[in-house]
Amino acid sequence: MRAHQIMTKHIIAVSPHTKILDAANIMLRCHLSGLPVMDEDGTLRGMVSEGDFLERSEIGTGHKRSAWLELFTGVGRAATDFVHERGRKVEDVMRTNPITVDEQTPLDEIVHLMHKHGVKRVPVVNGKTMVGIVTRADILQAVASLARDVPDPTADDSHIRERILREINATGWRPAGFQVWVRNGAVHLHGLIFDDRARQAAIVLAENTSGVKEVHDHLCFVDGYSGYYVESPEDVKAAS
């Protein structure tokens, strides 16, 4: 998937000269945690988010810096903080040079940028003009729309078993002596695990295999030091 396939095209934005109070009210009214800042011609100038309103003189949360620290940071930084805390227009608090993508940027690259830079939204631009925005909500919607069962003509028991074996054998956490049995789409996992997190990973791998209707866990946990042996929670429950 690419940016143009999931981006929000109806953009709610403000201008650099929008009053901070007006921007805050727009965010509250529209349930948004951030807004792009655009010129009249659609050129993206920056982004303003909830975080930019945290240190404000009106609510007594302005940045407190000792006099001796200002000797090291210089008067320039102190002046910048003053504008950020007391400015009345969006341009006084917005973040310039935001991370952007184009319409053909793959979804995995967008997610990587969000993680790397700690942002919740990424503007989509064509040249300098903003044409959309991808937010975490858009990605969530993509997951919800695509994570549906799609009929697979090759999803018979034999193919299911081969796919699970092939994929799990390619991992670094595969269970020892791993075996998988499939009957009418019901998968049974057998083997030994030495870290219980591998159990959930194996179950998730099986659940994501096309044609699987249910997964039964028969993986046994073995402590690598003591040799302590525990059957799977499902088998323990069945036995009781």
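Residues numbered from 1 in each chain as written. Predicted model: local features only at pLDDT ≥ 70, side-chain atom pairs only at ≥ 80, totals over all residues. Heavy atoms only, no water.

Looking at an unreviewed UniProt entry, the chain carries the name CBS domain-containing protein, with the source organism given as Bradyrhizobium elkanii.

Enquirer: I tried to follow a nonpolar patch on the surface on my own but got confused; where do I start?
Expert: A cluster of nonpolar side chains, namely Leu192, Phe194 and Tyr229, defines an oily patch on the protein surface of about 310 Å² accessible area. Take Phe194: it is sitting in the loop between β7 (186-193) and α7 (197-207). (Patch = residues over 30% accessible without salt bridge, like charges linked within 9 Å, V, L, I, M, F, W, Y side chains within 5 Å. Areas by Shrake-Rupley, 256 points an atom, 1.4 Å probe, with all protein chains shown as cover. Salt bridge = Lys/Arg side-chain N within 4 Å of Asp/Glu carboxyl O. Helix = DSSP H or I, 4+ residues; strand = E, 2+ residues; numbered from the N terminus.)

Enquirer: Got a minute to help me understand the pairing of strand β2 (residues 44-49) in this structure?
Expert: Consecutive side chains along a regular strand alternate between the two faces of the sheet. Of all six residues in β2, five are buried, a share of seventy percent or more. Hairpin connection from strand β1 (residues 34-38) to β2: five residues lie between these consecutive antiparallel strands, with Gly42 at a positive phi of about 90°. Sheet topology note: the β2/strand β3 (residues 95-96) ladder contains two bridges and is antiparallel. Bridging across to β3, Met47 finds its partner in Arg95. (Buried < 20%, exposed > 50% of the residue type's maximum accessible area, 1.4 Å probe, protein only. Pairing = 2+ DSSP bridges.)

Enquirer: For this particular structure, what's the right way to read the packing of aromatic side chains?
Expert: Each aromatic ring pair is specified by the distance between its two centres and by the angle formed by the two planes. Applying the stated criterion across every chain yields a total of zero aromatic pairs. Directly above the ring of Trp181 sits Arg161, whose terminal nitrogen or CZ lies 5.2 Å from the centroid. (Phe/Tyr/Trp six-rings, centres within 6.5 Å; stacked < 30°, edge-to-face > 60°. Lys NZ or Arg CZ within 6 Å of the ring centre and 35° of its normal.)

Enquirer: Would you mind going over the environment of His188 with me for this structure?
Expert: Here His188 shows up in strand β7. Considered as a pair, His188 and Leu219 are 31 residues apart in the sequence and their alpha carbons are 9.2 Å apart. Excluding residues that lie within four positions of it along the chain, His188 makes contacts with Gln179, Val180, Trp181, His216 and His218. A polar contact of 2.9 Å, which involves the side chain of His188, links it to the side chain of His218. (Contact = heavy atoms within 4.5 Å. Polar contact = N/O pair within 3.5 Å; in protein donor to acceptor, adjacent residues only side chain to side chain.)

Enquirer: Mind showing me how you'd approach helix α6 (residues 157-169) here?
Expert: Because the α-helix completes a turn every 3.6 residues, residues three or four places apart line up on one side. Across its 13 residues, α6 extends 18 Å between first and last C-alpha, which sits within 8% of the 18 Å expected from 1.5 Å per residue. What α6 keeps buried is the set Ile160, Arg163, Ile164, Leu165 and Ile168. Looking at the packing, one finds that the buried side of α6 touches β6 (176-183), β7 and α7. A distance of 3.0 Å separates the backbone nitrogen of Ser158 from a side-chain oxygen at the start of α6, and that oxygen is part of Asp156. (Expected span 1.5 Å × (residues − 1).)

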